[in-house]
Every structure is written in structure tokens, then in C-alpha cells.
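Structure assessment
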Amino acid sequence: MTDRPSEQDEEQHVHIVGPRELPLVALRETVIFPEMIVPLQVGRDKSVAALNAAVATNGPIALVTQRQAEQEEIGDPSELYTVGTLARIAQVVQLQDGTVRAIVQGQGRLRVLSFVSTDPYITVIAEELPNVTPDSIEVQALMRTVQAQIEQYVANGAPVPPEAAVAARNITEPGLLADMVAYSPDLSTEQRMELLQTTDVLERLRIVSTFLSRQIEILELKGKIQSEVKSEMDKTQREYILREQLKAIQRELGEEDPQQAEINELREKVEAAGMPEEVKTRALKEVDRMSRIPSASPEVGVIRTYVDWLVALPWDTATTDNLDIKSAAKILDEDHYGLEKIKERILEYLAVRTLADTLRSPILAFVGPPGVGKTSLGKSIARAMGRKFVRMSLGGIHDEAEIRGHRRTYIGALPGRIIQNIKTGGSNNPVFMLDEVDKIGMDFRGDPSSALLEVLDPEQNNTFQDNYLEVPFDLTRVLFITTANLLDPIPAPLRDRMEVVQLPGYTEQEKIEIGKRFLIPKQMKNHGLTEKHIAITDEAMVELVRSYTHEAGVRNLEREIANVMRKVARSVAEGRKRKTFVDVKKLNLFLGPQRFEYGELEAEDQTGAATGLVVTEVGGDVIAIEVTLMEGKEDFILTGQLGEVMRESARAGLSWIRAHAASLGIKREVFERNTLHIHVPAGGIPKDGPSAGITMATAMVSAFTGIPVNKDVAMTGEITLRGRVLPIGGLKSKILAAHLSGAKIVILPRKNEKDLRDIPDEIRKQIKLILVDTMDQVLEAVLRRRPTPLIAGPAKTAEGGTEAEAGKQPDPEGRVRRSFPPPVDQPPAMA
Ligand SMILES: Nc1ncnc2c1ncn2[C@@H]1O[C@H](COP(=O)(O)OP(=O)(O)OP(=O)(O)O)[C@@H](O)[C@H]1O
Ligand SMILES: [Mg+2]
């Protein structure tokens, strides 16, 4: 389309050619476009007059928007936009109030050139503006874009009639299409004016397109926001309804407690805990009880803790046993040197388990001095079997409740340590080590050993009752291992249920091996050292064991090795590059003066003294039992904090001596005039009861008769009134101690012969073992000469000799350090 050449070339359209004088109506906030037919409310006098003038001439009129909508009187062209609309007046209605309603029809764009007059109405000179429409593809393309945009605009809810989209499709004239968009109420007056002023149709389409795309975006966003708001509202609504329904259901089920969520959760946990039916019923009952009491009640917390405990226990969680004997054996060997019998016992147990899964676990008791590997053996068993390991010390437990827990009626009550450890272990078949069963106490708070009995007794422990739990827990799959330093203090009912495994201690050679193979590598690693840094010579190892430790086990040995490592580690840290060879000299330098001396045997034969072998808490030991005769009326006094069993043992020995006084060459009056003082050094207090019997008796005979005792002999054995020698315990420990102290002969009960299998060959080669049945045989072996029996009348020599010899007390300082091992000048054992 191009400009329009004549006034009437199109039906209904008025066009003007060239500048022409026209009446003008100023518009407020309205822009009228060509092709628009709009009603126009005209109120201002000048506007009414202009309209009337146009109507009078049936001519066109100029409709131009004023820049300031609120301005009443227009006096100057600058107060109007320069571009306006040429319009035809289709209809005029004069209203009562003097205003006029006209229907005007846009005809084209015009530009105001100048004002002719402003009174009685505005008359201007204006010229029509032609549309400039380049006939290019670009215009066509843009037209289509705009048409599509209009459709989208309408579809997204534009505030225009829906037919607008169809109308837009049918428009073929690009300028008209652009002008049509001006119908949208989304356009501001300024935007409309911009459109009106743009005669370049391409440009006008661009403006419209930009406007539309922005408008579409706004509408889409608006739509999105609206739908989000809507869906949010839907969701809330839905939840609300569901919640109401839930409440109704819960009301039906009688579960109205506000803590419902927690209670439901607890209930789920109970269901999932794998509890036996009985326990589950109990737990659910507690949960129900919780839901019925007010949430503020402290009882809620108590019940929650209780149910949490029930839930946390490994009711049906168990580890799978490694039943591969070979790999188990390998693990045991990896962790411990020697201990062959014990390892074998463990492997036997495993082997039987491969055949019968239902086998009751035995209760092993490892008995032996400190540091012999009881605890670490337990750990190793757990590792070999692939089980968890838990450990609890019974030392100093007086209160039954520590084992079995407090009733829930106590404030802050908890389960006992058995259940606590089971929970920590996390499986119902751990290796459970009960340390120090021999140290378990007993007082007014109950008897912990009876509680322990329930734990260990296979007849009862499938329903072990913890006071707190109130429901039984099955302990049958637990492998219990107890440890003790001594067997005797363990309450008999407990002891009866255990399979005792003795770990009597190590020989010097074994200690050296353990040191070399286990302790040195372990401590090297602990101290960040390697073979590049340190080597300990064999001689130094011997010295370490002999002069710096005095123990049955290897704990101090390990500590001293750590000591050496620390010294070396320090020198390495300080820059030492060369390897340190720790020989005896360096060892003495590192560890200071030697601490222990072996050779507690007398340096010379003594009268009224004998060397006994005992087992104490720290292993086997030698003790010198001394006897002197004093004036007095009593039979004897015993010093050295000895127990009742020792006292009775001394009395039995004395009675035997009195009964055989004649054959021993002791006169009656000696007993009547003298009191025997028997002293056992306190440091070596034997804890194993009667085994010092023959030693005390020997010392007494020596004191009465004045016959010296062979200094190289150590002995152990219980004595009866009739002079029979009974077997004793802890033989291996005792012989190890005798060996270390340099004894050459050991006297022991024949009944202990079977135990000699445990004695290492290297020791049997160095010590002569004499097995005896009677006290006579003991005296035969130990006294330097035979007593002269009394034939008749007083035997002056015997009595005089006794008193003279008895005064000669052993010199406590007279002991000398014995070289080790002692020279072998005896044939091997006679046993
Ligand atoms: N036969 C052995 N082979 C290797 N290391 C051993 C051996 N015996 C003991 N040990 C080591 O000695 C140290 C002490 O052992 P453990 O703690 O097991 O002693 P214990 O018998 O339990 O002593 P306590 O009675 O004082 O509890 C541990 O480091 C252990 O590994
Ligand atoms: Mg231990």
C-alpha cells in the first residue's frame, strides 16, 4: 500500500491532500488510530464547538492527544503531540449536561503544522501522513510473526476479546495489523503515541512485535505463578484433608496422643528389631503405655529409654563363625608364641562346632600370672573365629546390680554390664571376656558371684534375666572366657562350671622368643623404627629378661623393650643415621643398673630354714621359711601374714614331728619348754594354701635337730598328720621359679608326676626332680645328715646341738647372686 491520492478513493474514507485547515479536538489519555471506530465523550466547550463545526460542514476533524492529560485549555501547538488522527464523525448526540457524545471513525494519520486560531475552537493547519510500507519479505515475515504473537497473546489470557486473534489473521495490510495491537489495554498512552507517530510500517511492526513478546512473557510468568499458587493451595488442601482423615482413624484406634509420630516410630523400631515374640509383646505394651500417659510426664522418658534399650540389643544379630580350622590355627600362631596345648584346645572346640552347631559354648577359664597373654589370647580367639570381642573386668565389683542391672524403679536405672557389653558388641555370639573373676567381691549389696553364675551356667543363661530389661536374653551362643591370676579365690560354684586352662608363665627361653618374635617387632612399629635403626643382640635379650624383669609373664619385658625403643627413637629423631646395636653394655646404659637378682637360695646350708616353692599372684616364687626356738609355753607362733590354711598346715607338720620325735632324735621336753617361731617372708605370701607344708615341717625338724638343710633344694607339697605328702597345684610355675632361682634339686609330691609333662625339656635337663610320698623321704633328700633316733634316756648332743645351731640364724644379706643357668652337676631327673 502506498499513500492515498484522493479524498474519496475508498468508500467511507476521507482523505486530505496537502496541508489543510481543520477543527481540532484535544484528547486526554486517549489515542485514536486510523480504522478505529470509537465513541468519544466530549465535554470541554472548545471541543464541543470543534465537533459541531465539523458536523456542520460534514468535514473531517483532527483528533490530537494532549501531552498533559490534566491541562484544561490548549493554547499552543507544543502542548499537543504533533501527530494525530484524521477522523470522520459518524454520529453526534447532544446530552443534557451540554456535553456531546460522538462516534468517530479514524481515517488516517496527520501532522499538525500550525495553529490557525484557538477561539471559539482550535483550528489548525494539518497534513495527512501516508503509511510508508516497503514491500519486502521482511515485512511479510514480521507480519506473520506478529499474527502468531497476537494468537499467543490472546491464548495466554490477554485482556482483549478472543476474536482478536481471528481478526488479526484476516488482516492483509501490515500497517493496519500493527495499529490493531493498539486496542490492547496493556499499552500506555506513550506507547500508543509511539505507534501513531511511526509512519514506517516495518518499524511499527517491530515495535508491536517487541511489545507483544514482552507481553507474552509477562502473561506466561503470570500464568506460571498462578498455577504454582494454585497447586500449592491444592497440596495444602490435600494434606489437610489427609491429616484430618488420619486423625479420625487414630481416634478410632484410640491413638490420640500428640506424640503420635514418636510413638509410631518406636513401634516400627520394635517391629524391626527381630525380638523374640515374648519380648516384642512386652515392648509394644510399653509403647502403648507411653501413648496413654501425658507427654509432659517424666515417665515418658523412662519408657522411651527402656524401649530404646530393648530395640538396640542384638536379638537376632550374630556373626558367622569361621570354622576353617587351618586358617584359625594360623591366626592363633600369628598372635602368640608357644601355648601349644591351649591353642589345641581352642581348635578342638572349633572342630567340634563344625559338626554340631547347637553345641553349648564351654566356659573357658584362663588362669595364670599377669602378662602371660590371657587377655590377648581371648582377643585372638575372637579373631580366629570371626567373632566380636567384648571384655569386662570383675575386679572390685561388689554390687550384684553391676552385673544384672538395677530395677527400673530406680532413678537413672540401667541394664547391668553384661547386657551393656552385649549391646556394644552388637552381636549375640561374641567372645565375652570376664577378667579377674578371682577378684570379685561380696558385701551387703548382694553377691555378684551368684549373678555371674546365672550368666555362666548353661542351664540358666538361655534366659538370663537383667533386672532392668525384665525380659530374658539368651546368652547361650556367647563364648565366655574368664581370666584369673589364681584359681583358689574363685567361688567354687563358679569354678565348677569352667574349663580351667592354666597359663603358668614362660621359661626364660620362651620369654626371649616372645620378645624377639612379637614384642620387639611390635614395639619397633609403635616407635616408628625399622631394622635399619636397631638390632638387639641375643646376649642383651638374656640380660633384659634376667636382670630387668622378674615376672612369670612378659608384660614388664614388653615395657622395658619399649623403653629401649624410646631411647633409640630419640637418637634417630636427633639425627643419628647409623644403626644402633643394643648389646649388654648399651642396655645397661639405657635402662640403668640391673634391677633383679636371681638366686634367692641360701648361699650356704642353713639350720632352721628351708626353701619352699609357692604360687603367688605374680607367678611362681621361692620363699625361705625360717624357724627358731624360743622360750615359751605356746606350741608355735606364725608370722608373715599367713592365712588359716597355712596355719593348719604348720600345725599338722608339728604334730607329725611330735609323733615321730623319738625317731627324729628330739626329746619330749623340747616341745614343752619351747615355742616355735615360724616366719614366712611377707613378700612371698603364698596364696595357694597348704603347699608349703613339707617346707615348714623340714625347717622345724632342722631347728629341733640342728641338722643343716641342703641349700640347693627347693620343695613343695602338702603334709598330712601321718606324714604323707599330697599333690599341689601350679607345678609348672613353681618349677620355673625354682629354675630361675638356681635350685638344683626340687622335691615334689609323687602324685604330681603327671604334671611333669608340662615342664620344658631344657629345664628338666638342669634340675633334678625328686618325687616323694612321705615326709621321711623329704628329710632323707634334704637334710645333710640323718637324725640320730633316741634309744633311751636323754640324748644330750641332740638337744644341746639344737639350741646351739638354732641360734645361728641365716644371714639375710648373705645371699649371693647366682650365675645362670646353674652349672649342671647333677644327673637329670630321677622321676
Ligand atoms: N605367647 C605370647 N606370644 C606373644 N605375645 C604374648 C604372649 N604372651 C603374652 N604376650 C603379650 O604380652 C602382653 C601382655 O599380655 P596380656 O595383657 O594378655 O596379659 P594378661 O595375661 O591378660 O595379664 P593380666 O592378668 O595382667 O590381665 C601382650 O602384649 C601380649 O600380646
Ligand atoms: Mg588381662
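The sections below set out a description of the structure shown in this document. (Residues numbered from 1 in each chain as written. Chains lettered and ligands numbered in written order. Predicted model: local features only at pLDDT ≥ 70, side-chain atom pairs only at ≥ 80, totals over all residues. Heavy atoms only, no water.)

1. A short note on the overall build of the chain
When its secondary structure is counted, the chain shows 28 helices and 24 strands. A fraction of 74% describes how many contacts in the chain between residues 6 or more apart in sequence connect residues 24 or more apart. (Helix = DSSP H or I, 4+ residues; strand = E, 2+ residues; numbered from the N terminus. Contact = heavy atoms within 4.5 Å.)

2. Here's the deal with the nonpolar core
Among the nonpolar cores identified, the biggest contains 54 residues, and Leu 63, Val 104 and Leu 205 are the most heavily contacted of them. Broken down by element, this core gets its largest block of residues, nine residues, from helix H6 (residues 201-253). What Val 104 contacts, discounting residues up to four positions off in sequence, is Ile 32, Met 36, Ile 37, Val 38, Leu 40, Leu 63, Ala 87, Arg 88, Ile 89 and Ala 90. Formed by 52 residues, the second largest nonpolar core is a distinct cluster that contains Val 367, Leu 453, Val 471 and Val 478. (Core = buried A, V, L, I, M, F, W, Y, C linked by side-chain atoms within 4.5 Å. Buried < 20%, exposed > 50% of the residue type's maximum accessible area, 1.4 Å probe, protein only.)

3. A closer look at the pattern of salt bridges
One pass over the structure, following the stated rule, counts 43 salt bridges. Taking the shortest distance from any N to any O, the salt bridge between Glu 203 and Arg 206 comes out at 3.4 Å. With Glu 203 and Arg 206 both in helix H6, this residue pair falls three residues apart, about one helical turn. With a relative accessible area of 33%, Glu 203 lands in the partly exposed category. Where Arg 784 meets Asp 605, a salt bridge forms, and the shortest distance between an N and an O atom there is 2.4 Å. (Salt bridge = Lys/Arg side-chain N within 4 Å of Asp/Glu carboxyl O.)

4. A look at the sheet that holds strand S12 (residues 479-484)
The strand order S8-S9-S12-S7-S13 describes an open sheet built from five strands, whose pairing is parallel. Every other strand in the sheet has two partners, leaving strand S8 (389-393) and strand S13 (499-502) as the edge strands with one partner each. Within the sheet, the average angular offset between the axes of one strand and its neighbour, ignoring direction, is 20 degrees. Both strand S9 (residues 431-435) and S12 contribute to a ladder of four bridges, which runs parallel. Residue pairing for S12: Val 431 is matched across the bridge by Leu 479. Most of the contacts of helix H12 (residues 374-385) go to S9, to which it runs at about 175 degrees, and overall it touches strand S7 (364-367), S8, S9 and S12. (Pairing = 2+ DSSP bridges. Axes fitted to C-alpha atoms, helices over the stretch in contact; angles between N-to-C directions.)

5. A look at unusual backbone geometry
Residue Pro 120 is reached from Asp 119 by a cis peptide bond, and omega for that bond is 0 degrees. Mapped onto the elements of the fold, Pro 120 is located in the loop between strand S5 (100-117) and strand S6 (122-129). Of note, Glu 29 is a non-glycine position whose phi angle comes to about 50 degrees, a positive value. In this structure, Glu 470 takes a positive phi of about 65 degrees despite not being glycine. What makes Glu 470 partly exposed here is its relative accessible area of 30%.

6. Overview of the packing of helix H10 (residues 325-335) against H12
Two numbers describe how H10 lies on H12: the axes approach to 8 Å, and their chain directions differ by 150 degrees. Considered as vectors, H10 and H12 are oriented roughly antiparallel to each other. Of the two possible hands of crossing, H10 and H12 adopt the one that is right-handed. Of the residues in H12, those touching H10 at Ala 328, Ile 331, Leu 332, Glu 334 and Asp 335 are Ser 380, Ile 381, Arg 383 and Ala 384. Each residue belonging to the contact of H10 with H12 can be placed in one class, and the counts come to five nonpolar, one polar and three charged. (Parallel < 35°, antiparallel > 145°, perpendicular 65-115°, else oblique. Left-handed = near helix turned anticlockwise from the far one by under 90°. Nonpolar A, V, L, I, M, F, W, Y, C, P; charged D, E, K, R; others polar.)

7. Things to note about the side chain of Asn 421
Within the secondary structure layout, Asn 421 lies in helix H14 (residues 417-425). Within polar-contact distance, the side chain of Asn 421 engages the backbone oxygen of Arg 417 at 2.9 Å. Beyond its immediate stretch of four places on either side in the chain, Asn 421 contacts Val 390, Arg 391, Met 392 and Phe 432. (Polar contact = N/O pair within 3.5 Å; in protein donor to acceptor, adjacent residues only side chain to side chain.)

8. Some details on the site of ligand 1
In the region of ligand 1, 19 residues are neighbours, and Gly 371, Lys 374, Thr 375, Lys 522 and Arg 555 sit closest. Ser 376 is positioned with one of its backbone polar atoms (N or O) 2.9 Å from an oxygen atom of ligand 1. At a separation of 3.5 Å, an oxygen atom of ligand 1 approaches a polar side-chain atom of Asn 485. Mapped onto the shell around ligand 1, the elements with two or more residues apiece are H12, helix H17 (508-526) and helix H19 (555-573). Across the shell around ligand 1, the residue classes break down as eight nonpolar, six polar and five charged. (Near = heavy atom within 4 Å.)

9. Thoughts on a nonpolar patch on the surface
Taken together, the side chains of Leu 221, Ile 225, Val 229 and Met 233 define a hydrophobic patch exposed on the protein surface, amounting to about 400 Å² of accessible area. Looking at the element boundaries, Ile 225 is found in helix H6. By relative accessible area, Ile 225 is classed as partly exposed at 47%. (Patch = residues over 30% accessible without salt bridge, like charges linked within 9 Å, V, L, I, M, F, W, Y side chains within 5 Å. Areas by Shrake-Rupley, 256 points an atom, 1.4 Å probe, with all protein chains shown as cover.)

10. Digging into the packing of aromatic side chains
Remark: the centre distance and the inter-plane angle together describe each pair of aromatic rings, the angle taken between the planes. Taken as a whole, this structure holds five aromatic pairs when the rule is applied. Centre to centre, the rings of Trp 315 and Phe 473 are 5.0 Å apart; their planes meet at 50 degrees, and the pair counts as tilted. Highlighted residues: Trp 315 in the loop between helix H9 (298-312) and H10 and Phe 473 in strand S11 (residues 472-473), separated in sequence by 158 residues. Given the relative accessible area of 11%, Trp 315 is considered buried. Geometrically, the ring pair formed by Phe 671 and Phe 704 is edge-to-face, given 5.0 Å between the ring centres and 70 degrees between the ring planes. Highlighted residues: Phe 671 in helix H23 (residues 668-673) and Phe 704 in helix H24 (residues 693-705), separated in sequence by 33 residues. Residue Phe 671 shares its accessibility class with Phe 704, and that shared class is buried. The ring of Tyr 306 carries Arg 408 above its face, with NZ or CZ at 3.6 Å from the centroid. (Phe/Tyr/Trp six-rings, centres within 6.5 Å; stacked < 30°, edge-to-face > 60°. Lys NZ or Arg CZ within 6 Å of the ring centre and 35° of its normal.)

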